[in-house]
Amino acid sequence: MGLKLREKAASFLFEYDTPRMVLVKNKKVGLIFRLIQLVVLGYIIGWVFLYEKGYQSQDGIISSVSVKLKGLTVTNISGIGPHVWDVADYVFPPQGDSSFVVMTNVIITRGQKQDICPELPDAGQCNYDGDCIQGKYSRQGQGIMTGKCVDFNNNVTTCEIFGWCPVEEDDQIPDPPMLLEAENFTLFIKNSITFPTFKVSRRNLVEGITTSYLKKCTYHKHTDPFCPVFELGYIVKESGQNFRALALKGGVVGITIDWDCDLDWPVTYCKPVYQFHGLYNDDNNVSPGFNFRYAKYYRDNGTDYRTLYKVFGIRFDILVNGKAGKFDIIPTMTTIGSGIGIFGVASIVCDLLLLHFLPRRDYYKQRKFKYAEMKTPVSEKEEAAPSSMCNLQNNGTGSQ
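Residues numbered from 1 in each chain as written. Predicted model: local features only at pLDDT ≥ 70, side-chain atom pairs only at ≥ 80, totals over all residues. Heavy atoms only, no water.

We now examine the confidence of the model for the chain. Averaged over all residues, the pLDDT of the chain equals 87, while 90% of them reach at least 70. Ignoring residues within four places in sequence, the model shows residues 388-400, a span with pLDDT below 50, making 0 contacts including any to other chains. (pLDDT = per-residue confidence, 0-100. Contact = heavy atoms within 4.5 Å.)

Structure (structure tokens):
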């Protein structure tokens, strides 16, 4: 028993077995085998290593964005007169976040105060007092119903409301847009990023951008691709939209800043790429555009008043995407190991051809496989018994 265990241990430790190899001289199969290997090699080198950079470890991006706008325009609105609009008037919110709105059109309702007045026909048309439930409000309404049906004009009656009166009438949008000059306003984007794993930080104010250059440059994708100052009209045009149509009722534009950095090269090659996308479908007539309201309050003779602004504007959303890669031995070895495993596809395909599709497949099976059949102890005794009888007969004959 101990001898057998020692023999098995020695066999396990000091013996090596290898698969049986059969050399097949067949031009078609050999050519297919090399072609498959060539395709796999091209995939590993071209796609996995060069395009996907399978030899690098990857890191995501942490980003911060701030913006500044500049531009002035003058309007002459009935009831207001000449009015100069600057960044404090047409940019919302004023602190310059990565998402902001530039006002391009506006409806102004002046002198509103808390009072009772008739609702607009679209929101509160009625025939008698029973149509106006006291204390309720319409989804499209501008106040709380008092329970009375009153004259809106000589032809229409509407529910009386308690709210900010006179009510806002926003069915007539100024055309052309009041702040159409916003097309020439400029947007200055400051973007700071970091790749925490590699401890690399960058700004979109890359090498070569100086204070004097910033004062005169304007972004153009061909002539000034790294200038961080953009004309709003150029942004909207590059997003595939018309500025005048967008300014009338508002819309949404996306600005993406892409950082795709290969840190195996000097960090100065890590530079941003700007792209612009229209996020507003002007073919949809349901709730078109982008708008919101805000109010300026004042007090006169003990009564609170407000001026209500319904703002139509272009909303700009700045999105920062990025990744960085750097050589690392672990992903390199993993990629190489995966590639070696893929080479096995060539052998599998060629074996299928040899053993199942070629005319001499039975001959190849005999050469490739060695068949061994396990015999039971009973069959071994049965085979041994006749041989023993023969020996006895031979011995008997010899004695005679």
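By volume, the largest pocket amounts to about 580 Å³. For the largest pocket, the lining is made up of 20 residues, of which Val22, Leu23, Val24, Asp351 and Leu354 are closest to its centre. When residues of the lining of the largest pocket are traced back to their parent elements, those giving at least two are helix H2 (27-51), helix H9 (344-357) and helix H10 (361-368). Looking at which element gives the most residues to the lining of the largest pocket, the answer is H9, with 5 residues. (1 Å grid on protein atoms, 1.4 Å probe; cavity = no way out; pocket = protein on both sides within 12 Å on 5 of 7 lines; lining within 4 Å. Points joined across faces, edges and corners; volume = space filled by probe spheres on them. Helix = DSSP H or I, 4+ residues; strand = E, 2+ residues; numbered from the N terminus.)

Two cysteines, two sulfur atoms, one covalent bond between them: this is a disulfide. The full count for this structure, using the stated rule, is 5 disulfides. Linked covalently through their sulfurs, cysteine 132 and cysteine 159 form a disulfide whose S-S length is 1.9 Å. Taking the sign of the S-S torsion, -85° for the link of cysteine 132 and cysteine 159, the bridge is left-handed. Pair noted here: cysteine 132 is in the loop between helix H4 (121-124) and strand S7 (143-151) and cysteine 159 is in strand S8 (residues 157-165), with a separation of 27 residues, a long-range link. (Disulfide = S-S within 2.5 Å.)

Applying the stated criterion across every chain, the model contains 18 aromatic pairs. Here phenylalanine 49 and tyrosine 55 contribute two aromatic rings whose centre-to-centre distance is 6.3 Å and whose plane-to-plane angle is 10°, an arrangement assigned as stacked. Between the aromatic rings of tyrosine 294 and tyrosine 309, the centroid separation amounts to 4.9 Å while the plane-to-plane angle is 10°, which identifies the pairing as stacked. Residue tyrosine 294 is found in strand S14 (residues 291-300), and its partner tyrosine 309 is found in strand S15 (residues 303-327); the two are separated by 15 residues along the sequence. The exposure class assigned to tyrosine 294 is buried, which follows from its relative accessible area of 19%. Residue tyrosine 309 is classed as buried on the basis of its relative accessible area, which comes to 9%. Among the aromatic side chains, those forming a connected cluster through ring pairs are Phe92, Phe290, Phe292, Tyr294 and Tyr309. In this structure, lysine 271 is placed above the aromatic ring of phenylalanine 226, and the distance from its NZ or CZ to the ring centre is 4.9 Å. (Phe/Tyr/Trp six-rings, centres within 6.5 Å; stacked < 30°, edge-to-face > 60°. Buried < 20%, exposed > 50% of the residue type's maximum accessible area, 1.4 Å probe, protein only. Lys NZ or Arg CZ within 6 Å of the ring centre and 35° of its normal.)

Bringing the packing of H9 against H10 into the picture now. Two numbers describe how H9 lies on H10: the axes approach to 6 Å, and their chain directions differ by 120°. Taken together, the axes of H9 and H10 lie oblique to each other. Note on element contacts: H10 touches H9 through Arg361, Tyr364, Lys365 and Lys368, opposite Asp351, Leu354, Leu355, His356 and Phe357. Each residue belonging to the contact of H9 with H10 can be placed in one class, and the counts come to 4 nonpolar, 1 polar and 4 charged. (Axes fitted to C-alpha atoms, helices over the stretch in contact; angles between N-to-C directions. Parallel < 35°, antiparallel > 145°, perpendicular 65-115°, else oblique. Nonpolar A, V, L, I, M, F, W, Y, C, P; charged D, E, K, R; others polar.)

Turning to the pattern of salt bridges, a few remarks are in order. Enumeration over the complete set of coordinates arrives at 8 salt bridges. A salt bridge links glutamate 168 to arginine 293; its shortest N-O distance comes to 2.9 Å. Taken as a pair, glutamate 168 in the loop between S8 and strand S9 (186-195) and arginine 293 in strand S14 lie far apart in primary sequence, 125 residues in all. Residue classification places arginine 293 among the partly exposed positions, given a relative accessible area of 42%. One salt bridge in this structure joins lysine 221 and glutamate 238, with 3.3 Å as the shortest N-O distance. Here glutamate 238 lies in helix H6 (residues 232-238) and lysine 221 lies in the loop between helix H5 (211-216) and strand S11 (229-231), a separation of 17 residues in the sequence. (Salt bridge = Lys/Arg side-chain N within 4 Å of Asp/Glu carboxyl O.)

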